[in-house]
Amino acid sequence: MVYEQLETMVVEGRLAPGSALPSERDLAQQMGVSRPSLREALLRLESRGLIVGRAGGGYLVANASQPLLAEPLSQLMSRHSKTVDDVLEMREVLEAKAVELAAERATPEDIARLSQALEALETAYAAGRDGLDGEGDARGQSLLTRVPELDAHFHLALAEATHNLVLVHLMHAIFELLRGSVVDNYRAIVGHGADLAELIDQHRRIFHAVASHDVGSAQRSLHEHLTFIRNNSGDPTESA
C-alpha cells in the first residue's frame, strides 16, 4: 500500500524528477505508516529505479530516461553542427503542445512556480544587461551563462505545468541538452545584434497567457518566441 501511494505520487508529478523525498520521519508521519513499512517501500522503489539514494542520506526521484537520451544526444551534438537546428525543431514540436496543455491545466501552484522562474530570469537579465559591452565584464558574461540557464528552467517549469508525466520526464531527461542549446542561442542572438530585451519580453507574454489560461495567446506567444530564436540563431558570418 505504501509503495503504491509513493508510486502514484511520482506518476502524478507530485514528486518531480530530481526532487528530494521528505525525510523518512516526515514521510511516515504524512502517510500514517510505520518507518519499517516505509523503508521496505522505499527499497522497492529504489530497486525499480524510481528513486535513487543520495550522498548524505535520503532519496531523489529518478529520471531513468536521462542517461538513455541526453548523454548520447550531447555526444552527437558535439560532433555534428546540424543537430543544433534539430534541437530547435524538437522544441517547436514538444513545446507547442506543452504550452497548450499548460494553459489548459496550470494550477495556482504551477503559475506561482512559473512566476518565480520568470522573476529569476528578469532579475538576472537586469543585473547583467549593463555589462554586455565589456567582454570580460562578469555582469555582461552572465547574460551568456546565467540568463540562458534560467531561460531553460522557465521552459522546464512550463513543461511541468502540463501534468503530462511522460512529457515532464522527457523534458527533465533532455534538460542539459536544452540548456546547452539555449546558451548557444543567446550567443548567436548577441552575435546578430538582436535585442535580448525582446527575448525576455517574449517569456513575459508566454507567462501571462498561461496564467490567464488563454491557449490561443500562449501558442502564438511561443511561436513568436521560437521564430525569433530561429531567425537569429544562425552563424551571423554566413549572412554577412
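Summarised in this report is the structure supplied together with it. Predicted, not measured: the structure shown is a model, and the values here were computed from it.

## Digging into the overall build of the chain
Step number 1: When helices and strands are tallied, the chain shows 12 helices and 2 strands.
Step number 2: Element order for the chain, N to C, with α for helix and β for strand: α-α-α-β-β-α-α-α-α-α-α-α-α-α.

## Comments concerning empty space enclosed by the protein
Step number 1: One pass over the full model with this rule turns up 2 cavities of 30 Å³ or more.
Step number 2: Put simply, the second largest cavity is a space of about 30 Å³.
Step number 3: Considering the residues around the second largest cavity, the lining is formed by R91, D151, V182, N185, Y186, I189, L199, H225 and I229.
Step number 4: Breaking the lining of the second largest cavity down by element, the ones donating at least two residues are α10 (175-192) and α12 (215-231).
Step number 5: If you tally residues by element for the lining of the second largest cavity, the top one is α10, at 4 residues.

## Regarding the packing of helix α8 (residues 146-160) against α10
Step number 1: Axis separation between α8 and α10 bottoms out at 8 Å; the angle between their running directions is 130°. As judged from the angle between their axes, α8 and α10 are oblique. In this structure, the crossing between α8 and α10 has a hand that is right-handed. The residues of α10 that touch α8, namely those facing V147, P148, E149, D151, A152, H153, H155 and L156, are F175, L178, R179, V182, V183 and Y186.

Each value, and the rule that gives it
Residues numbered from 1 in each chain as written. Predicted model: local features only at pLDDT ≥ 70, side-chain atom pairs only at ≥ 80, totals over all residues. Heavy atoms only, no water. Helix = DSSP H or I, 4+ residues; strand = E, 2+ residues; numbered from the N terminus. 1 Å grid on protein atoms, 1.4 Å probe; cavity = no way out; pocket = protein on both sides within 12 Å on 5 of 7 lines; lining within 4 Å. Points joined across faces, edges and corners; volume = space filled by probe spheres on them. Axes fitted to C-alpha atoms, helices over the stretch in contact; angles between N-to-C directions. Parallel < 35°, antiparallel > 145°, perpendicular 65-115°, else oblique. Left-handed = near helix turned anticlockwise from the far one by under 90°. Contact = heavy atoms within 4.5 Å.

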